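Descriptive structure summary
In case you want the letters, here they are:
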Amino acid sequence: MEKELDYHTEIRRSSRRSLSLQITEDGTLLIRAPYRMSERTIMGYVSARKDWIEANLQKVAAKKLQMERIPKLTEAEIKKLTLQAKSAIPERVEYYARQIGVNYGRISIRHQRTRWGSCSGKGNLNFNCLLVLAPPQVLDYVVVHELCHLLEMNHSKRFWSLVEETLPDYRGRRKWLREHGEELIGRLPD
Ligand SMILES: [Zn+2]
């Protein structure tokens, strides 16, 4: 008898041509399949990928546990970080805005789970207070990223070359954020 794995399965059909498997953050096996593929074919594929599914379910569970273990910031600590960010970030914005040659509006500091920075069409900038917990080079990268959006409101090649002109090593900084960003966000209380 084969060992039964305990997970929730969801099949999402579309006009795609092949099948793909993904373990979502909540530990669901998400199967993306073509409209016409039979359930039987799908399940055959799933059982052939059993080892992969098991390994990835474990990975997701371990990650969830790791995130739950991250010590959460208190209200007072968040307030303190916000104050730190309010004193540190505008100076960096001013420095890089001059270098890039762009004007900006108001700067606000927030604590969001979803973004490090953003900018509005009016040129107002918004940064996550958690950035002061990241290395200064990473904070600068987010500042430059948002300032470059004031010239190029997308992630086109042109946008990235603008970022690169100012920060030739931006890739390493972005990589840090991709690798450690989630841990930082995990410090915000739910
Ligand atoms: Zn962007």
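Parameters at a glance
Residues numbered from 1 in each chain as written. Predicted model: local features only at pLDDT ≥ 70, side-chain atom pairs only at ≥ 80, totals over all residues. Heavy atoms only, no water. Helix = DSSP H or I, 4+ residues; strand = E, 2+ residues; numbered from the N terminus. Rg over C-alpha atoms; globule rule 2.2 N^0.38 Å. Buried < 20%, exposed > 50% of the residue type's maximum accessible area, 1.4 Å probe, protein only. Contact = heavy atoms within 4.5 Å. Areas by Shrake-Rupley, 256 points an atom, 1.4 Å probe, with all protein chains shown as cover. Donors = N, O, S within 2.8 Å, 3.2 Å for Na, K, Ca; no water. Pairing = 2+ DSSP bridges. Axes fitted to C-alpha atoms, helices over the stretch in contact; angles between N-to-C directions.

So, on to the overall build of the protein. When helices and strands are counted, the protein shows six helices and six strands. Each helix and strand of the protein, ordered N terminal to C terminal, gives the series β-β-β-α-α-α-β-β-β-α-α-α. By the compact-globule yardstick of 16 Å for 190 residues, the protein is too spread out, its C-alpha radius of gyration being 22 Å. For the protein, the spread of C-alpha atoms along the principal axes amounts to about 65 × 40 × 30 Å. Per-residue burial over the protein gives 39% buried out of 190 residues. Taking contacts inside the protein between residues at least 6 apart in sequence as the whole, the part at least 24 apart equals 51%. For the protein, the computed accessible surface area is about 12,200 Å², with 49% contributed by carbon and sulfur atoms.

Moving on to the coordination of the zinc ion. Put simply, a metal with four donors set out as a tetrahedron has ideal angles of 109.5 degrees, and one with six donors set out as an octahedron has ideal angles of 90 or 180 degrees. Around the zinc ion, the donor atoms from the protein are His145 (NE2), His149 (NE2) and His155 (NE2), and they sit 2.0 Å away. In terms of primary sequence, the donors binding the zinc ion are separated according to H-x3-H-x5-H. Of the two residues, His145 is situated in helix H4 (residues 136–149) and His155 in the loop between H4 and helix H5 (157–166); the sequence distance between them amounts to ten residues. Since its relative accessible area comes to 11%, His145 is described here as buried.

This part is about the pairing of strand S3 (residues 28–34). The element S3 is extensively covered by neighbouring structure, given that six of its seven residues are classed as buried. Bridge count between strand S1 (residues 8–14) and S3: seven bridges; the pairing is parallel. Within S3, the position partnered with Thr9 by the bridge is Leu29. Looking at chain direction, strand S2 (residues 20–23) and S3 are connected through four bridges and run antiparallel. Following the sheet pairing, Ile23 is matched in S3 by Leu29. Here S2 folds back onto S3 in antiparallel fashion, the turn holding four residues, of which Gly27 has a positive phi close to 85°.

So, about the sheet that holds strand S6 (residues 125–128). The strands making up a sheet associate through backbone hydrogen bonding, with each pair oriented either parallel or antiparallel. Read across the open sheet, the three strands follow the order S4-S6-S5; overall the sheet is mixed. The sheet is open, and its two borders are formed by strand S4 (107–110) and strand S5 (117–119), each paired with just one other strand. Between one strand axis and the next, the sheet turns through 15° on average, direction left out of account.

Once that is clear, we can look at the environment of Gly123. With respect to the helices and strands, the residue Gly123 is situated in the loop between S5 and S6. With a relative accessible area of 5%, Gly123 lands in the buried category. Gly123 has contacts with Tyr104, Gly105 and Leu150, leaving out every residue within four places of it along the chain.

This part takes up the environment of Leu30. By the element assignment, Leu30 lies in strand S3. Separated by 141 residues in the primary sequence, Leu30 and Arg171 have C-alpha atoms spaced 31 Å apart.

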